[in-house]
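Notes for the structure review
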Amino acid sequence: KCWASLWTARAIAYRSRQNIPPEKIALAVTVQLLVNAEAAGILFTANPLNGNREEMLINAAWGLGESIVSGAVDPDIIKINKSTGEIIQRHISEKRVMSVCTRAGIDEKPVPDNLRNIPVLSDTKAHELSQIGIQIEELYRLPMDIEWALADGQIAILQARPITAMPDGAIDWTPP
């Protein structure tokens, strides 16, 4: 299906408009193992709410990250001082639903009662995640938006991309 998508009318018309000859096209398909996350979320290596580059923001929820991305759950929010690693603020949300992997795909189910109002990440895991975020930001030399998952007690980085928007007046900010 991926290879065939190169030969749809739309794809051919696009290449024609861009003067891309058929022999110059290439396609790659990445197949990855799904991280069957106990918890997942997003780490911003700069605070996207106020533009502060010295604050990192972690969003965390139970299950796969889809529940955060889709807006189905209000995640826990952890604000961390980038220089000291200190947790500045922690807001624990009531997490009512979670995304889980099933044989049919991804499904939404209720969060067990004993997990609804407890922190998704311990201080130790939040600190570990923030240190990984700092390494990624240093590698790319840009504030980063990082999707992460926690499986079997281990943090997995799923995706990292530059933060594309900050509030007006953000210090030292040039969009990538």
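Counting from 1, residues in each chain are numbered in the order their sequence is written. This being a predicted model, a pLDDT of at least 70 is required before a residue's local features are given, and a value of 80 or more before pairs of side-chain atoms are given or counted; all residues contribute to the totals for chains, interfaces and linings. Note that water and hydrogens are dropped before the side-chain values are worked out from all heavy atoms of the structure.

Description of the layout of surface pockets
For cavity detection a 1 Å grid was placed over the protein atoms alone, and a set of points counts as a cavity when a 1.4 Å probe fits there but cannot get out; an open set counts as a pocket when protein lies on both sides within 12 Å along at least five of seven lines, with lining residues being those that have an atom within 4 Å of a point. Grid points are joined across faces, edges and corners, and a volume is the space filled by probe spheres set on the points. In this model, the largest pocket occupies a volume close to 410 Å³. Around the largest pocket, the lining is made up of 19 residues, and of these Leu34, Val35, Leu64, Glu147 and Leu158 lie nearest the centre. Put simply, DSSP marks the helices as runs of H or I at least four residues long and the strands as runs of E at least two long, and each gets a number from the N terminus on. Listing elements by their share of the lining of the largest pocket, those giving two or more residues are strand S1 (39-44), helix H3 (66-69), strand S7 (144-151) and strand S8 (154-162). Residue classes in the lining of the largest pocket are distributed as 14 nonpolar, three polar and two charged. Amino acids are sorted into nonpolar (Ala, Val, Leu, Ile, Met, Phe, Trp, Tyr, Cys and Pro), charged (Asp, Glu, Lys and Arg) and polar (every other residue, Gly among them).

Here's the deal with the pairing of strand S6 (residues 105-110)
Pairing between strands requires that DSSP locate at least two bridges from one strand to the other. Sheet analysis places strand S5 (residues 97-102) next to S6, joined by six bridges and oriented antiparallel. When the bridges of S6 are listed, Met98 appears paired with Lys109. The hairpin turn running from S5 into S6, its antiparallel successor, is two residues long.

Comments concerning the confidence of the model for the chain
Each residue carries a pLDDT score, the predictor's own confidence in it, on a scale running from 0 to 100. In this model, the chain carries an average pLDDT of 91, and 95% of its residues clear a pLDDT of 70 or more. Taken element by element, the predicted model of the chain shows its lowest mean pLDDT in helix H1 (residues 2-5) (84) and its highest in strand S3 (residues 76-81) (98).

Observations regarding the side chain of Lys125
For Lys125, the location among the structural elements is in helix H4 (residues 123-140). The buried label goes to any residue with under 20% of its type's maximum accessible area, the exposed label to any with over 50%, and the partly exposed label to all in between, with areas taken from a 1.4 Å probe on protein chains only. We classify Lys125 as buried; its relative accessible area is 18%. A 3.5 Å cut-off defines polar contacts: any pair of N or O atoms within that distance qualifies, except that in protein one atom must be a possible hydrogen donor and the other a possible acceptor, and neighbouring residues in sequence count only when both atoms are side-chain atoms. At a separation of 2.6 Å, a polar atom in the side chain of Lys125 contacts the main-chain carbonyl oxygen of Gly153. The contacts of Lys125, once residues within four sequence positions are left out, are Leu150, Gly153 and Ile155. Note on contacts: a residue pair qualifies if any of its non-hydrogen atoms lie within 4.5 Å across the two residues.

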